[in-house]
Amino acid sequence: MFKKILIANRGEIALRIMKTARNMGLKTVAVFSEADRNAPHVKFADEAVCIGPPPSSESYLLGDKIIKVALELNVDAIHPGYGFSSENAEFGEKVEKSGMIFIGPKSHAIRVMGSKLAAKDAVRKYDIPMVPGTDKAITDVSEAKEIAEKIGFPILIKASAGGGGKGMRIVENESEFADQMKRAISEAENAFGDGSVFIEKFVTSPRHIEIQVLADNFGNIVHLFERECSIQRRHQKVVEEAPSSVLTPALRKQIGEAAVKVAKACDYVGAGTVEFLLDDEQNFYFLEMNTRLQVEHPVTEMITGLDLVEQQIKIANGEKLSFSQEDLKINGHAFELRVYAEDSLENFMPSVGKLEVYRPPSGKNIRVDDGFTEGMQVPIQYDPMLSKLIVFGKDRNEAMQRMLEAISEYEIVGVSTTLPFGKFVFEHEAFRSGDFDTNFVKKYWSVDKLNAIHAEEAQVAALFALKQYLKDSEKLRLPK
Ligand code: MV4
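Residues numbered from 1 in each chain as written. Predicted model: local features only at pLDDT ≥ 70, side-chain atom pairs only at ≥ 80, totals over all residues. Heavy atoms only, no water.

Trainee: Where do I start with the environment of Tyr268 in this structure?
Mentor: Within the secondary structure, Tyr268 is located in the loop between α9 (249–265) and β12 (270–278). On the basis of relative accessibility, which here comes to 3%, the residue Tyr268 falls in the buried class. With residues near it in sequence (within four places) discarded, Tyr268 still touches Pro105, Ala109, Ala215, Asp216, Ala263, Met289, Asn290, Thr291 and Arg292. (Helix = DSSP H or I, 4+ residues; strand = E, 2+ residues; numbered from the N terminus. Buried < 20%, exposed > 50% of the residue type's maximum accessible area, 1.4 Å probe, protein only. Contact = heavy atoms within 4.5 Å.)

Trainee: When you look at empty space enclosed by the protein in this model, what are you seeing that I'm missing?
Mentor: If you roll a probe as big as a water molecule over the atoms, it shows you where there is empty space left. Under the criterion given, the structure shown has one cavity of 30 Å³ or more. What the largest cavity holds in volume is close to 50 Å³. Forming the walls of the largest cavity are 13 residues, and the residues nearest its centre are Pro80, Ile103, Arg292, Leu293 and Gln312. The residue makeup of the lining of the largest cavity, split by class, is six nonpolar, six polar and one charged. (1 Å grid on protein atoms, 1.4 Å probe; cavity = no way out; pocket = protein on both sides within 12 Å on 5 of 7 lines; lining within 4 Å. Points joined across faces, edges and corners; volume = space filled by probe spheres on them. Nonpolar A, V, L, I, M, F, W, Y, C, P; charged D, E, K, R; others polar.)

Trainee: Honestly, helix α5 (residues 107–114) in this entry has me stumped. Any pointers?
Mentor: Side chains that are three or four residues apart share a direction in an α-helix, a result of its 3.6 residues per turn. Taken residue by residue, α5 has Ser107, Ala109, Ile110, Val112 and Met113 as its buried positions. For α5, the secondary structure elements touched by its buried residues are α4 (89–97), β5 (101–102), α6 (116–124), α9 and β13 (284–290).

Trainee: Looking at this model, I keep getting lost on the packing of aromatic side chains. Mind explaining?
Mentor: Geometrically, a pair of aromatic rings is defined through the distance of the ring centres and the angle of the planes. Summed over the entire model, instances satisfying the criterion amount to 19 aromatic pairs. The interplanar angle of 25 degrees and the centroid separation of 5.2 Å between the aromatic rings of Tyr60 and Phe84 together place this pair among those described as stacked. Highlighted residues: Tyr60 in the loop between β3 (47–52) and α3 (63–72) and Phe84 in the loop between β4 (77–79) and α4, separated in sequence by 24 residues. Judged by relative accessible area, which is 0%, Tyr60 ranks as buried. The partly exposed category is assigned to Phe84, whose relative accessible area is 27%. Relative to Tyr410, the ring of Tyr358 lies with its centre 5.8 Å away and its plane at 65 degrees, an arrangement referred to as edge-to-face. Of this pair, Tyr358 sits in strand β17 (residues 357–359) while Tyr410 sits in the loop between α12 (396–409) and β20 (411–413), and the two are 52 residues apart along the sequence. (Phe/Tyr/Trp six-rings, centres within 6.5 Å; stacked < 30°, edge-to-face > 60°.)

Trainee: Help me out: how do you make sense of the site of the ligand in this one?
Mentor: The environment of the ligand is made up of 18 residues, and the closest members are Glu200, Lys201, Val203, His208 and Glu275. Between the ligand and Glu200, the relevant distance is 2.8 Å, taken from a nitrogen atom to a side-chain nitrogen or oxygen of the residue. Coverage of the ligand by the protein amounts to 91% of the 520 Å² it exposes when considered alone. When the residues that make up the shell around the ligand are grouped by side-chain class, the tally is seven nonpolar, six polar and five charged. (Near = heavy atom within 4 Å. Polar contact = N/O pair within 3.5 Å; in protein donor to acceptor, adjacent residues only side chain to side chain. Areas by Shrake-Rupley, 256 points an atom, 1.4 Å probe, with all protein chains shown as cover.)

This is the structure:
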């Protein structure tokens, strides 16, 4: 087993990876920017090296510099976390060329899955259901229009190099087609340096179901069931859960097996996630594969009892998976709420400031993955996610109840957070009943709704105050 790993990341995920590494008896190396000098991931690590000024382009994204630091400190392997260089095939290659191990898939898998069209090509012979659409980049507007007519409107134009919703355009009817396609191409060129776009039938009210997979270097691949990630706003996930409340055991098995085939199609090694859309008739379609550890991986850990980072490290160390598909069972239900330093009443504007009070909830079946402590300034250079509030219950209802309790116990003063928004979701009838799709936030969230909640609370508070006054006035003979 390697002895020392470097975590090429920051915040909650760097800390979370280090905790597992330490439990496994490995030494940890943190890298940090000047903005993170006093961050928990820096304090926790056995060694820490400053790699540059706050902007990620001058620090966390400097792959060569990070590799140099790792070599100087005799690091055996590098874990990239999520974001930053995690899905950068060249970075993984450079790590391996330098004689260290990259804790992640081979660059081939990252490259194939980094292109939506290459991904579709790779999985085609495995008979994986995909949304009807074109199988190659399309540049000719009239040709594209003909295909769109055949598929039927609404259709979606997607950038091949895009992902996570970037570079997508919905086209409702033929008359908008040419214009939208031109825009999509120029957007893709600007954002990704690759103007390849393709078209798909637009699935209007899908659920986002993703499957966690694990693959070792010996061709063993298992899936760790699904995560339901439909509660998102503008492609930013807010609430995730496992298992999904809509999958039957039979459908779960089918999608899980499809995900395993996707992993096989790109010779996947390590932990990865295969994304599917589920339509209102329970048809599922492969969308893309994320070749990294995902933010929401804890809900899978809660229901399987596995530590995904430990699995990643063991696989990278050349160990065989120590279990097979039949050994894996779902136990209970888990939710994750992403707590952002954002003002949900002000259109989720980033809320910067100091964490005057920061007291996360704790207790059995509550897990908080964070990278902050009281008194810290929330840096403006990075993602504004403060923490992930994760709860577990024996069933969905128990887990929902626990989440509401945990939200009310969570004390954060100094910045606005999305905790009230989380409360709104977990109290909402559509969410509680499981009858929701990716349109949930757009459909139900409006500032009016939250103002109504506040008004109701204010009314209740006023009523209490009045009752108390009446009581006191009896005793003190105050005027009524
Ligand atoms: C779609 C779709 C509907 N039809 N593709 C968004 C993220 C990216 N991974 C793919 N996405 C979508 N692709 C077709 N043909 C709707 C989405 C989508 C979505 C998917 C998952 C979670 C949230 C979403 C929100 C809006 C749109």
